[in-house]
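# Structural overview for review
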Amino acid sequence: MNFLEKKICDEGVVLSSTVLKVDSFLNHQIDPEFMQQIGREIANRFQSEGITKIVTIESSGIAPAVFAGLELKVPVLFARKKKSLTLTEDLLTSTVYSFTKQEKNGISVSKKFVQSGDNVLIIDDFLAHGEAALGLADLVTKADAHIAGFGIVIEKSFQVGRRKLEEEGYRVESIARVKEMSTNGISFIQSEVM
Ligand code: 5GP
């Protein structure tokens with residue numbers, strides 16, 4: 001088991017066969033040292049890719065993205081879900097459907113922060129159906145920037161997200177890949193990271 005898989009087993013709560021709660025270190029309270037380790041691991045996997053920018057989505061993608069950005073020494077841009085009073089510049093927008101909240105959200109970033117020369121690493125906390133990831137990819141594509149790949153903290157491999165991203169030709173790196181989960185336990189697709 002790698003360091004994240006162990007943390008998920010110790011602290012994660014399986015709410016149903018499809019929803020995992022990890023409020024103690026990722027989605028509500030954040031464990032900074034642990035998050036730094038996550039960010040470092042994501043950064044290592046894309047170290048040689050010439051990343052110029054990280055793009056994520058508020059709010060739970062921000063912590064892993066910032067630590068990855070610290071390692072790669074690149075800025076981190078987070079897409080907003082709600083219209084912000086201060087976000088008045090030209091915007092790139094897309095729509096994301098959330099299966100957990102069963103609602104559609106418009107997401108946006110300012111055009112000035114992602115541009116055609118950028119080589120972007122997209123980071124998020126969870127990969128489930130791939131909606132958030134594809135929405136972020138849409139924003140980056142609208143900016144004419146290149147997508148180097150996706151760094152995901154927890155992938156639920158029994159859902160279709162990874163397949164959708166791979167079908168689009170994207171590289172997907174997930175630190176933990178949940179194969180199956182129930183109140184009896186969680187199993188993972190083996191990874192090389194310890
Ligand atoms: P997707 O767009 O891939 O269907 O879902 C990804 C987004 O939904 C993530 O950004 C995450 O916020 C949320 N999400 C999906 N599945 C889970 C889950 O099992 N647990 C938690 N905490 N969030 C999830």
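Residues numbered from 1 in each chain as written. Predicted model: local features only at pLDDT ≥ 70, side-chain atom pairs only at ≥ 80, totals over all residues. Heavy atoms only, no water.

Convention followed: UniProt positions are given in the numbering used here, feature names are shortened, and annotations may be inferred rather than shown by experiment.
Labelled according to an unreviewed UniProt entry, the protein chain appears under the name Xanthine phosphoribosyltransferase, originating from Fictibacillus phosphorivorans. According to the UniProt record, the Pathway (unreviewed entry) comment for the protein chain is "Purine metabolism; XMP biosynthesis via salvage pathway; XMP from xanthine: step 1/1." Per UniProt, the protein chain has the following entry under Sequence similarities (unreviewed entry): "Belongs to the purine/pyrimidine phosphoribosyltransferase family. Xpt subfamily."

### Observations regarding the UniProt feature "binding site: xanthine" (unreviewed entry) in the protein chain
Threshold: It only takes one pair of heavy atoms within 4.5 Å for two residues to be counted as in contact. Numbering of helices and strands runs from the N terminus; a helix is a DSSP stretch of H or I covering at least four residues, while a strand is a stretch of E covering at least two.
Those places that UniProt annotates as "binding site: xanthine" (unreviewed entry) correspond, in this numbering, to Leu20, Asn27 and Lys156. If sequence neighbours within four positions are ignored, Leu20 has contacts with Ile8, Gly12, Val13, Val14, Phe126, Ile154, Met181 and Ile186. Relative to the elements of secondary structure, Lys156 occurs in strand β8 (residues 146-156). For Lys156, the residues in contact, after removing those within four places along its chain, are Thr18, Phe126, Leu127, Ala128, Val178 and Met181.

### Let's talk about the packing of aromatic side chains
Where we set the bar: Each aromatic pair joins two rings of Phe, Tyr and Trp (for Trp, the six-membered one) with centres within 6.5 Å, and gets the label stacked for planes under 30 degrees apart, edge-to-face for over 60, and tilted for any other angle. For the exposure calls, accessible area comes from a 1.4 Å probe over protein chains only, and a residue counts as buried if that area is under 20% of its type's maximum, exposed if over 50%, partly exposed in between.
On inspection of all chains with the given rule, the structure shows four aromatic pairs. Geometrically, the ring pair formed by Phe25 and Phe34 is edge-to-face, given 5.3 Å between the ring centres and 80 degrees between the ring planes. Accessibility expressed as a relative area gives 0% for Phe25, which makes it buried. What links up through ring pairs into an aromatic cluster is the set Phe3, Phe25 and Phe34.

### Quick notes on the pairing of strand β3 (residues 53-57)
Working note: regular strand, side chains alternate between the two faces of the sheet. Where we set the bar: A pair of strands is treated as paired once DSSP finds two or more bridges between them.
Of all five residues in β3, five are buried, a share of seventy percent or more. Both faces of β3 are covered, namely the face carrying Lys53, Val55 and Ile57 and the face carrying Ile54 and Thr56. Both β3 and strand β7 (residues 119-127) contribute to a ladder of three bridges, which runs parallel. If you follow Ile54 over to β7, its bridge partner there is Leu121. Where β3 and strand β4 (residues 76-79) come together, four bridges link them in parallel fashion.

### Here we look at the UniProt feature "binding site: 5-phospho-alpha-D-ribose 1-diphosphate" (unreviewed entry) in the protein chain
Residues annotated in UniProt with the feature "binding site: 5-phospho-alpha-D-ribose 1-diphosphate" (unreviewed entry) correspond here to Ala128, His129, Gly130, Glu131 and Ala132. Here Gly130 is to be found in the loop between β7 and α4 (131-142). Relative to the helices and strands, Ala132 is located in helix α4.

### A look at the site of the ligand
Here is the rule: To be near a molecule or strand, a residue needs just one of its heavy atoms within 4 Å of it. Counting of polar contacts relies on pairs of N or O atoms within 3.5 Å, with two restrictions inside protein: one atom must be capable of donating a hydrogen and the other of accepting it, and residues adjacent in sequence are counted only when both atoms are side-chain atoms. Computed by Shrake-Rupley with a 1.4 Å probe, the accessible areas treat only the displayed protein chains as cover when residues are assessed. For this classification, Asp, Glu, Lys and Arg are treated as charged, while Ala, Val, Leu, Ile, Met, Phe, Trp, Tyr, Cys and Pro are nonpolar and the rest, including Gly, are polar.
The ligand sits among 14 residues. The nearest are Leu20, His129, Gly130, Ala132 and Lys156. The separation between a nitrogen atom of the ligand and a polar side-chain atom of Asn27 is 3.0 Å. Lys156 has a polar side-chain atom sitting 2.7 Å from a nitrogen atom of the ligand. In the complex, 84% of the free accessible area of the ligand, which totals 510 Å², lies under the protein chains. Elements represented by at least two residues in the shell around the ligand include exactly β7 and α4. Per element, the largest residue contribution to the shell around the ligand is four residues, and it comes from β7. Of the residues in the shell around the ligand, the class split is six nonpolar, four polar and four charged.

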